[in-house]
Each structure stands twice: as structure tokens, then as C-alpha cells.
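A look at the structure
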Amino acid sequence: MGKTIIISNRLPLQINISENDLEVSPSVGGLATGLKSFHQEGDSIWIGWTGLASEEIPENLKPKVLEKAKSQGCIPVDLTSEEIEKFYYGFSNRTIWPLFHYFMEYTEFDAEHWEAYKQVNQKYADAVIEKLEDGDTVWVHDYQLLLLPALIRKEKPKVTIGFFNHIPFPSYEVFRTLPWREEILRGMLGADLLGFHTYDYERHFLRSVNRILHYDINFNAVNKGNRIVKADSFPMGIDYNKFRNSALEHKSQPKSETTDIQKKLDYHKYVSKGTKLIISIDRLDYTKGIANRIRAFGYFLEKYPEYQENVRLIMLAVPSRTNVPQYQLLKKEIDELVGRINGKFATVNWTPIWYFYRSMPFDNLIDLYTSSDVALITPVRDGMNLVAKEYIATRTDNTGVLILSEMAGAAQELSEALLINPNNFEQIVDSIKYALEMPEEEQIRRNKIMQKRLRRYSVEKWAKDFMTNLRETTWTRKTFRTL
Ligand code: ADP
Ligand code: G6P
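Residues numbered from 1 in each chain as written. Chains lettered and ligands numbered in written order. Predicted model: local features only at pLDDT ≥ 70, side-chain atom pairs only at ≥ 80, totals over all residues.

**Examining the overall build of the chain**
The secondary structure content of the chain amounts to 18 helices and 17 strands. The dimensions of the chain, computed from C-alpha atoms along their principal axes, are 75 × 55 × 45 Å. Looking at the chain as a whole, 45% of its 483 residues qualify as buried. Put simply, 78% of the contacts in the chain that link residues at least 6 apart link residues at least 24 apart. (Helix = DSSP H or I, 4+ residues; strand = E, 2+ residues; numbered from the N terminus. Buried ≥ 20, exposed ≤ 12 C-beta atoms within 10 Å, placed from the backbone. Contact = placed C-beta atoms within 7 Å.)

**Here we look at the sheet that holds strand S16 (residues 401–405)**
With respect to topology, 6 strands assemble into an open sheet ordered S14-S13-S12-S15-S16-S17, the strand pairing being parallel. The two strands at the open ends of the sheet, each matched to only one other strand, are strand S14 (353–357) and strand S17 (418–420). Within this sheet the neighbouring strands show an average axis-to-axis angle of 20°, counted without direction. Here 3 bridges tie S16 to S17, and the two strands are oriented parallel to one another. Counted as the bridge partner of Ser 405 is Ile 420 from S17. (Pairing = 2+ DSSP bridges. Axes fitted to C-alpha atoms, helices over the stretch in contact; angles between N-to-C directions.)

**Notes on the site of ligand 1**
In the vicinity of ligand 1 there are 17 residues, among which Gly 30, Thr 33, Met 360, Leu 386 and Val 387 approach most closely. Of all the secondary-structure elements, those providing two or more residues to the shell around ligand 1 are helix H1 (30–41), strand S12 (276–283), strand S13 (311–318) and helix H15 (386–393). (Near = placed C-beta within 6 Å.)

**Focus: the nonpolar core**
In terms of nonpolar packing, the biggest core is built from 128 residues, with Ile 7, Ala 388, Leu 402, Ile 403 and Leu 404 touching the most fellow members. A per-element tally of this core places helix H3 (residues 81–100) first, with 8 residues. Every residue in contact with Ile 403, bar those within four places of it in the chain, is listed here: Val 374, Ala 375, Leu 376, Ile 377, Ala 417, Leu 418, Ile 420, Ser 431, Ile 432 and Ala 435. (Core = buried A, V, L, I, M, F, W, Y, C linked by C-beta atoms within 7 Å.)

**Section: unusual backbone geometry**
Not every positive phi belongs to a glycine, and Asn 20 is a case in point at roughly 55°. Within the secondary structure, Asn 20 is located in the loop between strand S2 (13–18) and strand S3 (21–26). Judged by the 8 C-beta atoms lying within 10 Å of it, Asn 20 falls in the exposed class. Of note in this structure, Asn 398 is not a glycine but carries a positive phi near 70°. Residue position: Asn 398 is located in the loop between H15 and S16. In this structure Asn 398 comes out as partly exposed when scored by C-beta crowding, with 16 C-beta atoms within 10 Å.

**Concerning the environment of Val 140**
Here Val 140 lies in strand S6 (residues 137–141). By the C-beta count within 10 Å, which is 31 here, Val 140 ends up buried. Along the backbone, Val 140 and Asn 9 are 131 residues apart, and their C-alpha atoms lie at a distance of 9.3 Å. Non-local contacts of Val 140, meaning those with residues more than four positions away in its chain, are made with Ile 7, Leu 145, Leu 148, Pro 149, Ile 161, Phe 163 and Ala 191.

Structural data, given as C-alpha cells:
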């Protein structure tokens, strides 16, 4: 059996240049954080972008970039700043991302961006083909590379190709508005197996294939005439043991040892006074419902004034896609909202919202997950949401309450969380109160069930499941061909 070639737009490592040297940090986002452990453990190479434009890398540092990437089993694809502008900020993040998350009002249909999307997908296809050997399996990831399966298939008709979509696939009524809907579907159908986080996304995709391309669908198989292509749901898991063990390690540190983040938060002072901590952790993205979450928290303090001075919201937002206007506007809106609520409610002893606009090292994330009483996760739309799963995995004493939007793919597996509709303010506010007052036995009962599920369907199991199904699909294809 050959190797697996993983290909996604972004590599799990992010390279920056500072003082004529390289700085390497882990990429943020569910795809990179989730898939990393599969990549580290198996025989695979990962092709993708380092986050830098090729013009930004001085000639003398180019070999070093290759070397750094290689040391982590990665092969970088060069993107020019024009490609980044039109393919990444353009078609990927101003067309597909908003459309697939039902933000029609943010969706731009720009022919130049579409051209760049096609060209860059071809560039990624060339990078894969260059590394492809007999017996290899190709696993393509996410919405930036929807054309890739067919481009690879055209050159290498017999190769085994899997595709996984990490974001929602929208309903046919939304998808059909895309001027390039046929090309996108044909691109995806170059794969042998297409994976989605939920059954609903899978059905939306199959219905679009049927209505737009008129292929027959038999349960979850598309009959393309010369080939059968399968679609199925595989809810992505997390590296459960990694989160669990890190949390256990964290807990075993002597209590007198205050961690960095706890120092910053004056943690012990607040906790000894009985102040409850609510955390909110995401990339700064309009799909995550961050602005409404802050408004709801403000409304909570107004509706239940007994909680003033007794609860704190710690908000962590990682900068993301900062060249797209909607992200810039959202940043401004969040800054203003945090300022307004802190201005309205803060006292000499208490600031209701502590807001960090930055990425955090893994240990600090664990610190936050384990130090809080409630996780407030309220996306308007989210393909999966791994933060919700990470939070539950780190609760080693089984306490803590997860408030989760029903619009996140993760809600389908985490039904013991307090599920909310992110547009229903009253419901969010009352869930916050319920969460803060939930008896410990109830917290434990709910969390234990979710933990069992997350442990069983970890990211390792997810990847294995996908790969097994992919091999079965291609085995069937090859066997039928010889009959
Ligand atoms: P998305 O893929 O849309 O960003 P997910 O919740 O699925 O959303 O994944 C986000 C990932 O990024 C998680 O694994 C989480 O631990 C990580 N992450 C989120 N916020 C931060 C942060 N401020 N610093 C470091 N990592 C973060
Ligand atoms: C989501 C997407 C990933 C993407 C990540 C971070 O998780 O599904 O494909 O890599 O967000 O976004 P970025 O634009 O920084 O790659």
C-alpha cells in the first residue's frame, strides 16, 4: 500500500518572517488542528500553503522554508500575493465561505476571482501529481479545493481520491444561486468518496447533484455512468487523549503554582470570591455569532443583576482573514460592543468581559478550558466546531457546562449540552443562568455521556473510518470494472 497525500489550502504550520529569519507556529482552525494527529501518526505527506506570499520570502530563506516544512512532513505550495488576493481572500472567502454558511448578503460573484480559483486549483493538482506514485491515495480537504478531485482524476484516472468538506454544504436552494455550480459539482465528483460532517450536508450535496447535473442518486451513491461516486457523513472528532491527558497534567500541577493565563486573569482572586467564569473561544469570524454573544451577555447582566460582579466572560478571538471587509467590520463591531458593555457595567473591582484578540499556545487553551465554569459557543452556522468537543474532553472531573448552538455540526453529537438557537436572545440568556446554577450532579451526568461519545469517535477513528470507506468504494469500482 502506498502513502497518503493530504492536500488542503493551509498547512498545519504557519511560517512568518521576522528579522530575516523564520518563525514557525501551528495553524489555527479545525481542519489543521484536527487532522494534525492523523498526519503525525501515519505514512502521509501534506501539501499546502504556508501562509506567506512567495514575494514575501527572501531568496536566501526559501531553502529554509522547504526544510522547515519537510521536517514536519509537509510540502509547501507557493502562492503569489495576487493569487492570495483573488483565490484565497477572493473566491474562497468572499464567495464559497459566505454562501455555504448561508450569508447570501456577503456573497460576491466575481468572474476574475473564479478564474483565479480555477488556476490555483490547477496549481495544487500539479503539486499532487508531481508527488503521486502507484498505489498512493489522495485525500483532498475543504472548500478552497473543490475542483481538485476532477483535475487530478483527469491526469490520473485510476488513482484513489477522497474529499472531505469541513464546512456546511448548503441546501440546493442556496447552492443553485452560484453561477459556477455545475463546474463545482463536477470538480467534487472527481473523488471516489465525498465526506461531510453531518447527514444533512451530505443530503444537500446529493440533492444538488441530482437537480443540477441530473445524475441518478441511489441512496448515497451517484451514478455518473462510467463511475459510481459515494457521499457519506463522518463527523470529525478530536485527539481526545491529547486534550484529556494535557488537562490531567495541568490539574496535577501544585495549586500554589499560578499559570501564566491565571496570573493575567487574577484567577485565584476571582475564584476565591466565587466569581464564575464563562469562556468563548473562536476565530474572529461572522459565522461564529460573536457579536450576538456579547449582546446576549450584556442583556444577561441586565436581566439578572444579581450576577453583576459575580460572573466574567473571557473571550478569545483569533485574527482571521483580515483582508476581507466583513472581518474588518466585525472586529470593529466587537471592539465597540466590548467597550460599551464594560463601560456600562464595570466597577472598581470587576470588569465583565476580558477580551483577547490573538492566538494562544496550546497550554493556555487547556488552562482556559479547565479553569472555566461554562463554555458559551453560539455560531450562527458552523460546519462542526471542535472547540465544543475540546472543552468537554478537558473536563477531567466531569464538571462544567457547555452551551452550544444547534447550528453547529457538533450539536448533533453533543445533545446533552444546553442547545440554543443563536438568534433567540431570551433562550441564550436563560441558558447562561441555568448553566451557572446547574447542580454538579447534572453537569457530571451530561458530560460523562458526551465524553464517552467523543472518546469513542476520536479524530483517529474518524480518519480510519473515512479511509476504510474510501478503500471499499474503490475496491467495488475496480471489481465491477473487471466483471
Ligand atoms: P474553525 O475550524 O471554524 O476555526 P473549530 O472550532 O472547528 O473552528 O476549530 C478551531 C480550532 O482552533 C480549535 O482546535 C481550537 O483549539 C483552535 N483555536 C481557537 N481559538 C484559538 C486561539 N485563540 N488560540 C489558539 N488556538 C485556537
Ligand atoms: C476553517 C476552514 C479551514 C481553514 C480554517 C482557518 O476551519 O474549514 O479550511 O483553514 O477555517 O481559516 P484560514 O482562512 O485561516 O485558513
